[in-house]
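Summary of structural features
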Amino acid sequence: MPKIIYIFMLAITLLLAGTMGLVGAMALGYITPAGIQENGEPDLGDPIYLRLEPPLTVNFERGQRISYLQAEVELMARSDEALEAVERHMPVVRNNLLMLFADQSFQELNTRAGREELRRKSLDEINGILEERGAQGEVEAVYFTSFVMQ
């Protein structure tokens, strides 16, 4: 057999052995592909935050009394595009959040579960606005950094 065939077969064998070694190392967790965390989830990037200024303030009735809520709200996303879209549509975002907050009951917001539910509804409201307007990306979380009720 010609010498070139032996060289070709050696090259194929080395390539196969290297590929099998690489796949084995990945399967055993010795090597993690770029863009993948060690737990197998994709690396989403660093969070970016946007504070809604000024704080949201609403009044609502509490029996015979008028009460108010003032909440400082921060949004978290992993893309600049999502937060730029929020800034672009800030009047709609603030309006809809104010309406949502005003519809809540004082008694429910006085519990942790009530505040968590309001965070979830706020996130859904903001992402709904972005989706309606064809914005890229989405807000991943809404945080209340201050929540005062009186």
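Before any of the text, the structure's been laid out above.
Below: a short report on this structure. (Residues numbered from 1 in each chain as written. Predicted model: local features only at pLDDT ≥ 70, side-chain atom pairs only at ≥ 80, totals over all residues. Heavy atoms only, no water.)

Re the pairing of strand β2 (residues 65-77)
Pairing between strand β1 (residues 48-62) and β2: 12 bridges, direction antiparallel. Paired with Leu-56 across the strands is Ala-71, a residue of β2. Once β1 ends, the chain turns through 2 residues before running back antiparallel as β2, passing Gly-63 with a positive phi of about 70°. Two strands pair when backbone bridges link them, and β2 and strand β3 (residues 141-149) are joined in this way by 8 bridges, in the antiparallel orientation. By the bridge assignment for β3, Glu-74 is matched with Tyr-143. (Pairing = 2+ DSSP bridges. Helix = DSSP H or I, 4+ residues; strand = E, 2+ residues; numbered from the N terminus.)

Here's the deal with the packing of helix α3 (residues 90-102) against helix α5 (residues 112-132)
Helix packing geometry: the angle between the two helix axes and the distance between the axes. With their axes 10 Å apart at the nearest point, α3 and α5 run at an angle of 150° to one another. Regarding the angle of α3 to α5, the classification is roughly antiparallel. In terms of crossing hand, the pair formed by α3 and α5 is right-handed. In this structure, α3 uses Val-92, Val-93, Asn-96, Leu-97, Leu-100 and Phe-101 to contact α5, whose residues at the interface are Leu-118, Lys-121, Ser-122, Glu-125, Ile-126 and Ile-129. (Axes fitted to C-alpha atoms, helices over the stretch in contact; angles between N-to-C directions. Parallel < 35°, antiparallel > 145°, perpendicular 65-115°, else oblique. Left-handed = near helix turned anticlockwise from the far one by under 90°. Contact = heavy atoms within 4.5 Å.)

Some remarks on the packing of aromatic side chains
One pass over the structure, following the stated rule, counts 4 aromatic pairs. Ring centres of Tyr-49 and Tyr-143 lie 6.4 Å apart, and the angle between their planes is 50°; on these two criteria the pair is classed as tilted. Note that Tyr-49 is positioned in strand β1 and Tyr-143 in strand β3, a separation of 94 residues in sequence. What makes Tyr-143 partly exposed here is its relative accessible area of 33%. A ring pair is formed by Phe-144 and Phe-147, whose centres lie 5.1 Å apart and whose planes are at 45°; its orientation type is tilted. Taking relative accessible area as the criterion, Phe-144 reaches 18% and is therefore assigned buried. (Phe/Tyr/Trp six-rings, centres within 6.5 Å; stacked < 30°, edge-to-face > 60°. Buried < 20%, exposed > 50% of the residue type's maximum accessible area, 1.4 Å probe, protein only.)

Re the side chain of Ser-67
When you line up the elements, Ser-67 lands in strand β2. In this structure the side chain of Ser-67 is engaged in a polar contact, spanning 3.4 Å, whose partner is the backbone oxygen of Gln-150. (Polar contact = N/O pair within 3.5 Å; in protein donor to acceptor, adjacent residues only side chain to side chain.)

Comments concerning the nonpolar core
Leu-69, Val-73, Leu-75, Val-86, Leu-97, Phe-101 and Ile-126 are the most contacted members of the largest nonpolar core, which totals 31 residues. Among the elements of the structure, β1, β2, α2 (80-88), α3, α4 (106-109), α5 and β3 are those that each provide at least two residues to this core. (Core = buried A, V, L, I, M, F, W, Y, C linked by side-chain atoms within 4.5 Å.)

As for a nonpolar patch on the surface
A contiguous nonpolar surface patch, about 720 Å² in accessible area, is contributed by Ile-4, Ile-5, Phe-8, Met-9, Ile-12, Leu-16 and Met-20. When you line up the elements, Ile-4 lands in helix α1 (residues 3-28). (Patch = residues over 30% accessible without salt bridge, like charges linked within 9 Å, V, L, I, M, F, W, Y side chains within 5 Å. Areas by Shrake-Rupley, 256 points an atom, 1.4 Å probe, with all protein chains shown as cover. Salt bridge = Lys/Arg side-chain N within 4 Å of Asp/Glu carboxyl O.)

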